[in-house]
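# Observations on the three-dimensional arrangement
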Amino acid sequence: MRTEDILDILRKDIEIPEIVQNKADEAFEIIRNKCVEKKKRSSINGKKAVVKTRKMLVACAVAAVLIVGGTCFAAIHWGISRSTEKRMQISKEQKAFLEGEKSDDENNSQIAESDNLATFPNVSATDMGITISVQDCIVDDYNARITLRVDGYELPEEVAIEKYQPELFFSVAINGENNPSWGEFYDGLYKDNYAEIIRDEDVQDYQFADGSMEYVLQLPGEEKGFYINKSIQIKVHGIGYYFGKTGEAVTELDGDWNLEWILQGSDSVYKTNIRGGAIGDTGAVLTYLELSPISVRTLIYLPRQEKEEKTIFSEDETDSHIMWEEPPKLSGVKMKDGTSYYNIWQDNGGIVGYVGTDMCQVISYSNRIVYTDQIEYLLFQKNYPENRKMIDDDFWFVKVQ
């Protein structure tokens, strides 16, 4: 379908102001010229033009016209979100891979792992002048990470105070069944390789300069390949905030934002039985590993031991209960080129539990993309330095390939 045909369809039931239409036409011309130039470069290099160029043109055409109310203009934004780029520490090269660009080396295994890992569903919903759209979706065998963009919502003044935290109230269903998930608005804070907090200056009080906000959804999974090719339905029924230490939920706006599509992702995974996988002198032994660019599943031999866990609610109120001792925290990786990445796995991350008498399963998701064929060691936390940055000596190393 030609871009002009898409425009005609979208204009049938929408009266587009002349100034908006002119801007859209200018945008299409820029997009078209970029695509033509890319095709020329591909031909010069003796390679076929990437099919995604045409798909990108269609996606941009649809996104550029989507919703017009009066003279306001809202659009779905294609590509890796700011929160994903910062919190997952995505390099320019990785961003290009994930968004469909290819390097000259078509056999590069890193590129193969990036195929279908990130998708950009053309899905949005509007109610009460507020548009919620799916900006990016990263899915592998055990994990789904989805960024929602919110346009048109104005935060109440109180939210700027630290004790208020804006929130979406929603439910998630996979193939019609309720699915556990959690999420939060991107506040501009993210961690570097040493767990040091960095502030994104482009975000003020949860908002970008244009007033938009990004909401990051995390869907952990226990079953291999649980999310790939499954239908997902996200129903947002309210926008509001949590208040104070009690976490009281306040719904400021009740609405109906329904987002539905088919999840796609990458099932690329490195898996192996581990020999000599002792984790220092802890008594824990890594025996099995499944590793994707954004998640990990391990089986760790660890004789069961009980421990008392205390929860402090206030100075006068505490609670305690008995739990099983967990294995050392899986924290990072060391690459074959000698580079170490610390603090990338989420605190023994989503799922920790015994699957046998003395066999503990840990499934965790990563805060950065790491290519599995480049990993040599898994790093398990040994020390927690307080007044200095982490170094390799703060970890137990287990060789995995």
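Located above this text is the structure these notes cover.
Structural notes, computed from the coordinates. Here the structure is a predicted model, which means the values were calculated and not measured. (Residues numbered from 1 in each chain as written. Predicted model: local features only at pLDDT ≥ 70, side-chain atom pairs only at ≥ 80, totals over all residues. Heavy atoms only, no water.)

With that settled, consider the overall build of the protein. From N to C terminus, the protein includes six helices and 25 strands. Here the protein holds 401 residues, and the buried ones make up 44% of them. Taking all contacts inside the protein whose residues are at least 6 apart in sequence as the whole, residues at least 24 apart take part in 61%. (Helix = DSSP H or I, 4+ residues; strand = E, 2+ residues; numbered from the N terminus. Buried < 20%, exposed > 50% of the residue type's maximum accessible area, 1.4 Å probe, protein only. Contact = heavy atoms within 4.5 Å.)

Looking now at the pattern of salt bridges. Throughout the structure, instances matching the rule amount to 13 salt bridges. The salt bridge involving Glu290 is made with Lys224; its shortest N-O contact spans 3.9 Å. With Glu290 in strand β16 (residues 285–291) and Lys224 in the loop between β12 (213–220) and β13 (231–243), the pair connects residues that are 66 residues apart, well separated along the chain. With a shortest N-O distance of 3.2 Å, Glu290 and Arg297 are connected by a salt bridge. By the burial criterion, Glu290 is buried, and Arg297 matches it. Each of Asp141, Lys224, Glu290 and Arg297 takes part in a single network of salt bridges with overlapping partners. (Salt bridge = Lys/Arg side-chain N within 4 Å of Asp/Glu carboxyl O.)

Locating Arg368 in the fold gives a position in the loop between β23 (359–365) and β24 (375–381). Buried within the structure, Arg368 lacks any salt-bridge partner; its nearest side chain of opposite charge belongs to Asp192, at an N-O separation of 8.3 Å. (Lys, Arg positive; Asp, Glu negative; His and termini not counted.)

A few words now on the environment of Asp210. With respect to the secondary-structure elements, Asp210 resides in the loop between β11 (197–199) and β12. Judged by its relative accessible area of 54%, Asp210 is exposed. Through-space distance from the C-alpha of Asp210 to that of Gly152 is 9.6 Å; in sequence the pair is 58 residues apart. Reaching out from Asp210, the side chain makes a polar contact with the side chain of Ser212 at a distance of 2.7 Å. (Polar contact = N/O pair within 3.5 Å; in protein donor to acceptor, adjacent residues only side chain to side chain.)

Bringing the sheet that holds strand β8 (residues 177–178) into the picture now. Read from one edge to the other, the open sheet built from four strands follows the order β8-β7-β13-β14, with strand pairing classed as antiparallel. Each end of this open sheet is capped by a strand with a single partner; those strands are β8 and β14 (248–262). The pairing of strand β7 (residues 164–174) with β13 spans 11 bridges and is classified as antiparallel. Counted as the bridge partner of Ala173 is Gln233 from β13. (Pairing = 2+ DSSP bridges.)

Moving on, we get to the packing of aromatic side chains. Pairs of aromatic rings are described using the distance from one ring centre to the other and the angle between the two planes. A complete count under the given rule lists eight aromatic pairs for this structure. Pairing Tyr377 with Phe397 gives two aromatic rings, centres 5.5 Å apart and planes at 65 degrees, and the pair type is edge-to-face. Of this pair, Tyr377 sits in strand β24 while Phe397 sits in strand β25 (residues 395–399), and the two are 20 residues apart along the sequence. Among the aromatic residues, ring-to-ring pairing joins Phe170, Phe185 and Tyr215 into one connected group. (Phe/Tyr/Trp six-rings, centres within 6.5 Å; stacked < 30°, edge-to-face > 60°.)

The next point concerns the nonpolar core. Counting residues in hydrophobic clusters, the biggest one holds 32 residues, and the most contacted among them are Ile146, Leu148, Ile234 and Trp261. The dominant element in this core, judged by the number of residues it contributes, is strand β5 (residues 130–139), at five residues. Excluding its chain neighbours within four sequence positions, the residues that come into contact with Ile146 are Val134, Asp136, Cys137, Tyr215, Val216, Leu217, Leu219, Ile232, Ile234, Trp261 and Leu263. In this structure, Ile274, Leu291, Ile300 and Trp396 belong to the second largest nonpolar core, which totals 24 residues. (Core = buried A, V, L, I, M, F, W, Y, C linked by side-chain atoms within 4.5 Å.)

Turning to unusual backbone geometry, a few remarks are in order. With the exception of glycine, the majority of residues adopt a negative phi angle, and the majority of peptide bonds are in the trans configuration. Non-glycine residue Gln89 carries a positive phi angle of around 50 degrees. Tracing the backbone shows Gln89 in the loop between α4 (82–87) and α5 (92–98). Taking relative accessible area as the criterion, Gln89 reaches 21% and is therefore assigned partly exposed. Of note in this structure, Asn229 is not a glycine but carries a positive phi near 65 degrees. Tracing the backbone through its elements, the reader meets Asn229 in the loop between β12 and β13. Residue Asn229 is classed as exposed on the basis of its relative accessible area of 58%.

So, about the pairing of β5. Most of β5 is tucked away: 10 of the 10 residues are buried. Bridging between strand β3 (residues 118–119) and β5 involves two bridges; their strand directions are antiparallel. Across the sheet, Thr119 pairs through a bridge with Cys137, a residue of β5. Relative to β5, strand β4 (residues 124–127) runs antiparallel, the two being bridged by four bridges. The partner of Thr126 across the bridge, within β5, is Thr131. Between β4 and β5, which pair antiparallel and follow one another directly, the connecting turn spans two residues, one of which, Met128, has a positive phi of 55 degrees.

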